[in-house]
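# Notes for the structure review
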Amino acid sequence: MTSTTDLAVTVRGLRKSYGGRAVVDGLDLDVPAGQVVGLIGANGAGKTTTVECLQGLRRPDAGEMRVLGLDPRRDAARLRRLVGSQLQSSALPDRLRVREAVALFAEAGSRDPATGSARRGDDLLAQFGLAERRRSPFAGLSGGEQQRLFLVLALLNRPRLVILDELTQGLDPAARREVWSAVAQLRDEGTTVLLVTHELAEAEALCDHVVAMRSGRVLDAGSPAELVARHAARATTAFTLPGAADALAAVRALPGVRTATAQGDLVTVEGDRRSIAHVGAWLVARGPDAVPADLRVDVPDLESALLTLLDAPEHDPGPAGATSAVGDPATSSLIGATS
Ligand SMILES: Nc1ncnc2c1ncn2[C@@H]1O[C@H](COP(=O)(O)OP(=O)(O)OP(=O)(O)O)[C@@H](O)[C@H]1O
């Protein structure tokens, strides 16, 4: 179990209302040091409000927060030096050159005292593939380059925690992959990252843990694989098999298979993930001529898990607290107590 000293962020009972409407409603959250934790959920779930409270940008109505051991309400200025936050595109003037942005954001401590150059900045620009763009104005960068520059600026002063909100929104697939690999690099270097994202493939690729939110509350939390196993365990296998109807009884008897149906020669099998391997092995065992050329497998992913979670009826968490919907006690260390 994670001890509190291993936690970069702890939140208990966070509440924030706008005009009498609770948008964060008794949220508990732990972010273990050195991990990438993702906040996912529906629009308006309160994800951005939560991370803004953690950065001292918004004042919650109630609750306890600790970010790197500090209270964002009282220590916002100290935290700004320890937390790297992603800027919004509008934060940089179009004409500001990359090297000027780096110089502007570098604290004295990140400069090399011998040469006076922002060596850390140069290293990061090289690391994130922007060394050749040092003279480019911000507006001349591609979307992916702009986001990578935000990462460089967020990392410039060696933050212990990086908070990223919709980092890859609006990027094309190639640029998104570039930014993902930059975040994966951070994770490999042991930086703690709190990531707000709508991109569930992104959460699946990058996050050690994800916290699914709706209406300001935690619905469930765990590793992406745990959430998939709990909420989207079904896999579908489909293939063409001559004489399909006669084979259905054998397919239904395979381990992990829940249902098997045939439409003409097209067989559709539903089951848990094990069923995929068993169906494949059964087909191969029938001989090389029986192996279908059109085998298609739909494996459940985090998106299916989140859709199931968001589809579940809302219920009042009652006095037990907002995280009472959490399913598996094994993952509750990430969510914390519900008192
Ligand atoms: N300053 C504000 N005044 C009034 N309502 C606000 C304010 N800021 C946010 N809200 C509302 O609070 C709710 C939660 O917003 P928030 O941005 O935290 O959610 P989110 O989960 O990040 O949403 P999204 O995924 O759409 O970005 C939304 O309904 C939003 O309209």
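Structural data are supplied above this passage.
Residues numbered from 1 in each chain as written. Predicted model: local features only at pLDDT ≥ 70, side-chain atom pairs only at ≥ 80, totals over all residues.

One turn of the α-helix equals 3.6 residues, which is why residues spaced by three or four share an orientation. Helix length check: helix H5 (residues 143-155), at 13 residues, gives a terminal C-alpha distance of 19 Å against a target of 18 Å (1.5 Å per residue), a fit within 8%. With 11 of 13 residues buried, H5 lies mostly within the body of the structure. Residues Glu145, Gln146, Gln147, Arg148, Leu149, Phe150, Leu151, Val152, Leu153, Ala154 and Leu155 constitute the buried set of H5. Where H5 is buried, its residues touch strand S5 (83-85), helix H3 (98-105), helix H4 (119-127), strand S6 (161-165) and helix H6 (173-188). (Helix = DSSP H or I, 4+ residues; strand = E, 2+ residues; numbered from the N terminus. Expected span 1.5 Å × (residues − 1). Buried ≥ 20, exposed ≤ 12 C-beta atoms within 10 Å, placed from the backbone. Contact = placed C-beta atoms within 7 Å.)

Turning next to the site of the ligand. The immediate surroundings of the ligand are formed by Tyr18, Val23, Gly41, Asn43, Gly44, Ala45, Gly46, Lys47, Thr48 and Thr49. Of the residues forming the shell around the ligand, the biggest block, 3 residues, is contributed by helix H1 (residues 47-54). Grouping the amino acids of the shell around the ligand by side-chain chemistry returns 3 nonpolar, 6 polar and 1 charged. (Near = placed C-beta within 6 Å. Nonpolar A, V, L, I, M, F, W, Y, C, P; charged D, E, K, R; others polar.)

A few words on the pairing of strand S7 (residues 192-196). The buried count for S7 comes to 5 of 5 residues, which makes it a mostly enclosed element. Pairing between strand S3 (residues 36-41) and S7: 4 bridges, direction parallel. The partner of Gly38 across the bridge, within S7, is Leu195. Note that S6 and S7 share 5 bridges and pair parallel. Within S7, the position partnered with Val162 by the bridge is Val193. In this fold, the crossover linking S6 to S7 by way of H6 has right-handed handedness. (Pairing = 2+ DSSP bridges. Right-handed = clockwise from strand over helix to strand, strands pointing away.)

Moving on, we come to H4. Regarding H4, the residues found buried are Arg120, Gly121, Leu124 and Leu125. What you see down the axis of H4 is that its buried residues fit within an arc of 135°, all on one side. Contacts from the buried residues of H4 go to H3 and H5. Just downstream of H4 lies Gly129, where phi reads positive at about 70°. (Arc of directions from axis to C-beta.)

The next subject is the sheet that holds strand S10 (residues 235-240). If you walk across this open sheet you meet the 4 strands as S11-S12-S10-S13, and the pairing is antiparallel. This sheet does not close on itself; its edge strands, each paired only once, are strand S11 (257-263) and strand S13 (296-298). Adjacent strand axes in the sheet meet at a mean angle of 15° when their direction is disregarded. Inspection of the sheet shows S10 paired to S13 by 3 bridges, in the antiparallel sense. Its bridge partner lying in S13, Thr236 is registered against Asp298. Across the face of the sheet, helix H9 (residues 244-252) comes into contact with S11 and strand S12 (266-271) while running at roughly 175° to S11. (Axes fitted to C-alpha atoms, helices over the stretch in contact; angles between N-to-C directions.)

By size, the foremost hydrophobic cluster in this structure holds 68 residues, and its most contacted members are Val9, Val152, Leu194, Leu195, Val211 and Ala212. The element contributing the most residues to this core is H5, with 7 residues. Not counting chain neighbours up to four residues away, the residues in contact with Leu194 comprise Val9, Val31, Val37, Val51, Leu161 and Ile163. Grouped together as the second largest cluster of nonpolar side chains are 10 residues, Val251, Val257, Ala260 and Val269 included. (Core = buried A, V, L, I, M, F, W, Y, C linked by C-beta atoms within 7 Å.)

A word on the sheet that holds strand S2 (residues 21-32). The sheet built from 3 strands is open, its strands ordered S2-S1-S4 with antiparallel pairing. Every interior strand has two partners, whereas the edge strands, S2 and strand S4 (62-67), have only one. Each strand axis lies, on average, 15° off the axis of its neighbour in the sheet, ignoring direction. Pairing geometry for strand S1 (residues 7-18) and S2, over 9 bridges, is antiparallel.

Okay, the environment of Leu92 next. Tracing the sequence through the fold places Leu92 in the loop between S5 and H3. Judged by C-beta crowding, with 22 C-beta atoms within 10 Å, Leu92 ranks as buried. Between the C-alpha atoms of Leu92 and Ala139, which are 47 residues apart in sequence, the distance is 9.0 Å. When near neighbours in sequence (up to four residues on either side) are disregarded, Leu92 contacts Leu87, Ala101 and Phe138.

The interhelical angle for the contact between helix H8 (residues 224-231) and helix H11 (residues 302-311), taken along N-to-C directions, is 55°, at an axis separation of 8 Å. In terms of their interaxial angle, H8 and H11 are classed as oblique. H11 is crossed by H8, and the crossing has left-handed handedness. For the pair H8 and H11, contact is made by Pro224, Leu227, Val228 and His231 and by Leu302, Ala305, Thr308 and Leu309, respectively. Tallied by class, residues from the contact of H8 with H11 come to 6 nonpolar, 2 polar and no charged. (Parallel < 35°, antiparallel > 145°, perpendicular 65-115°, else oblique. Left-handed = near helix turned anticlockwise from the far one by under 90°.)

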